Amino acid sequence: MDKNKNEKMEAIVSLAKRRGFIYQGSEVYGGLSGTWDYGPLGVSLKRNIMNLWWKMFVEDREDMYGVDAAILMNQKVWKASGHVDTFTDPLVEDLETKQRFRADHLLKDAGHHVDGLSLDDMTKLIHDHDIKSPNGNRLSDVRTFNMMFKTTVGPVDDESSISYLRPETAQGIFTNYHNVVDSFYPDLPFGLAQQGKAFRNEISPRDFIFRSREFEQMEIEYFIDPATWETEFTKWVSLVHSWTDALGLPAESVHELEVPAADRAHYSKRTIDFEFDFPIGREELLGLAYRTDFDLGNIQREAGKNMEYTVKGTNTKFIPHVIEPSFGVERALMAVLSAAYMEDEVNGEKRVYLKLPEHLAPVKYAVSPLLKNKPELVARAREVYAILKKIHGNVMWDDNGNIGKRYRRQDEIGTPYCVVIDFDSLEDNAVTIRERDTTEQKRVSISDLA
Ligand code: GAP
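This report concerns the structure included in the present document. (Residues numbered from 1 in each chain as written. Predicted model: local features only at pLDDT ≥ 70, side-chain atom pairs only at ≥ 80, totals over all residues. Heavy atoms only, no water.)

**Remarks on the packing of aromatic side chains**
Applying the stated rule across the entire model yields 23 aromatic pairs. Aromatic ring contacts, followed pair by pair, group Trp53, Trp54, Phe57, Tyr222, Trp236, Trp243 and Phe327 into a single cluster. It is Lys312 that lies over the ring of Tyr185; its NZ or CZ is 4.9 Å from the centre. The side chain of Arg382 reaches across the aromatic face of Tyr385, ending 5.5 Å from its centre. (Phe/Tyr/Trp six-rings, centres within 6.5 Å; stacked < 30°, edge-to-face > 60°. Lys NZ or Arg CZ within 6 Å of the ring centre and 35° of its normal.)

**What to know about the packing of helix 2 (residues 40–59) against helix 9 (residues 229–246)**
Axis separation between helix 2 and helix 9 bottoms out at 11 Å; the angle between their running directions is 145°. You can see that helix 2 and helix 9 cross each other, and the crossing is right-handed. Here Ile49, Leu52, Trp53, Met56 and Phe57 of helix 2 lie close against helix 9, whose contacting residues are Trp236, Leu239, Ser242, Trp243 and Ala246. Its residues placed into classes, the contact of helix 2 with helix 9 shows nine nonpolar, one polar and no charged. (Axes fitted to C-alpha atoms, helices over the stretch in contact; angles between N-to-C directions. Helix = DSSP H or I, 4+ residues; strand = E, 2+ residues; numbered from the N terminus. Left-handed = near helix turned anticlockwise from the far one by under 90°. Contact = heavy atoms within 4.5 Å. Nonpolar A, V, L, I, M, F, W, Y, C, P; charged D, E, K, R; others polar.)

**Section: the sheet that holds strand 13 (residues 281–292)**
Within a sheet, adjacent strands bond to each other through the backbone by hydrogen bonds, running parallel or antiparallel. Strand order in the open sheet formed by seven strands is 3-9-10-16-13-12-11, with mixed pairing between adjacent strands. Each edge of the sheet is formed by a strand with only one pairing partner; in this case those strands are strand 3 (64–66) and strand 11 (254–258). For this sheet the average axis-to-axis angle between neighbouring strands, irrespective of direction, equals 25°. Where strand 9 (residues 190–199) and strand 10 (residues 214–224) come together, ten bridges link them in antiparallel fashion. Residue pairing across strands places Phe199 opposite Glu214, the latter belonging to strand 10. Sitting on the sheet, helix 9 is in contact with strand 3, strand 10, strand 11, strand 12 (270–278), strand 13 and strand 16 (321–328), with an inclination near 150° to strand 13. Contacting strand 10, strand 12, strand 13 and strand 16, helix 11 (residues 329–340) crosses the sheet at an angle of about 35° to strand 12. (Pairing = 2+ DSSP bridges.)

**Notes on the environment of Leu72**
Mapped onto the elements of the fold, Leu72 is located in the loop between strand 3 and helix 3 (75–80). Taking C-alpha positions, Leu72 is 5.8 Å from Leu165, a pair spaced 93 residues apart along the chain. Leu72 has contacts with Thr151, Val153, Ser163, Tyr164 and Leu165, leaving out every residue within four places of it along the chain.

**What about the pairing of strand 16?**
The element strand 16 is extensively covered by neighbouring structure, given that eight of its eight residues are classed as buried. Here strand 16 shows no split at all, with His321, Ile323, Pro325 and Phe327 on one side and Val322, Glu324, Ser326 and Gly328 on the other all buried. Inspection of the sheet shows strand 10 paired to strand 16 by six bridges, in the antiparallel sense. Within strand 16, the residue paired with Gln217 across the bridge is Gly328. Pairing between strand 13 and strand 16: six bridges, direction antiparallel. Within the sheet, the bridge partner assigned to Thr292 lies in strand 16 and is Val322. (Buried < 20%, exposed > 50% of the residue type's maximum accessible area, 1.4 Å probe, protein only.)

Shown next as structure tokens:
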């Protein structure tokens, strides 16, 4: 990774903390690795992203149904889904410090290709090339590590009380497939959508919120007639691009990676990883998989419940197949911040601003009286603030520091418009609107503002 890219990532992480977007989890106690807390602006940006997704994929469509399942699920779910046996990452240990690392990450960092490598292949590469741990020590052989967080449910701590924090939201959809069909009997194809927390005990969480141990997913299981899977898959490829467009990500920074069979998840017959040019490099933003009838078939077998769909007005029955677009909220947010982070020069001074799409900006308008010690200006500005707040909600009152400082602060948090009430406003009932990207200012009458 070149220095510039590193610097950009560091600048984003530092802005995110300084301006109240994202903080290290449990920071006052020294932190908890792989966890992040959202501050006032971060939670607003995150919700704007999640609401946009919900509107685009659930509310604006006729064929989509929302669900919100419990995070804790019967342990049988994770046995049937294959997660207990196969949801693993390759782990190596520093033989001196006993610190643990992802073997594939160390190999990649050392310039090796890791696609399709078995554990033995990785072990051989590490020993043949004398690859050391980041502490400079020898490494163990590579073994697997299950990433699910295990817990127990209820007062008795035995085998039967084991449960897991869900590593994907998808299973909460599959387990409710039958319920929704019984309540709504939708025509095929139709989809179930869910947003919510997922947990993975990542061996080495890294790169800010990119790889966390607790994160949020937005997933759709789109149930189809198996004969149509290729057409439906293609439709979802273009829907995913509409999503990345709606996030304001430049099309040339979004790439499709056809995942080779050896690297696909155990349930997938075709996967495209949508990658984004993050400051840390080109990495996975979201995934699109053809999950076949793997999950409903497992449920039918393990739970002994019929998962077949009967085509209306016929005797045709089959277990629907599934196309699964799986979106990570944190990665979407990190992509949005990376694409929006800008530096330029205004009046000979360096300026940092977030060129966020208006519909995602945590604050849409900042309203200021030119001087905060002039009651007549403050009163007029409060009126304007109230008008805009009623319409847009996400409007900020900002009278801290001089006007130049306010502009800089609002630029840094991506506020598209600053509205300033000055002495002329008392006479002409107009305000100055200053535009974030161009820094241009224009006069607009208060009655036209709304
Ligand atoms: N249900 C399919 C599934 O979970 P996945 O590729 O393992 O597929 C889907 O995860 C998405 O979830 C990823 O593309 C990414 O956006 C997000 N994601 C996965 N692990 C993550 C982690 N440790 N931290 C942040 N986001 C993660």
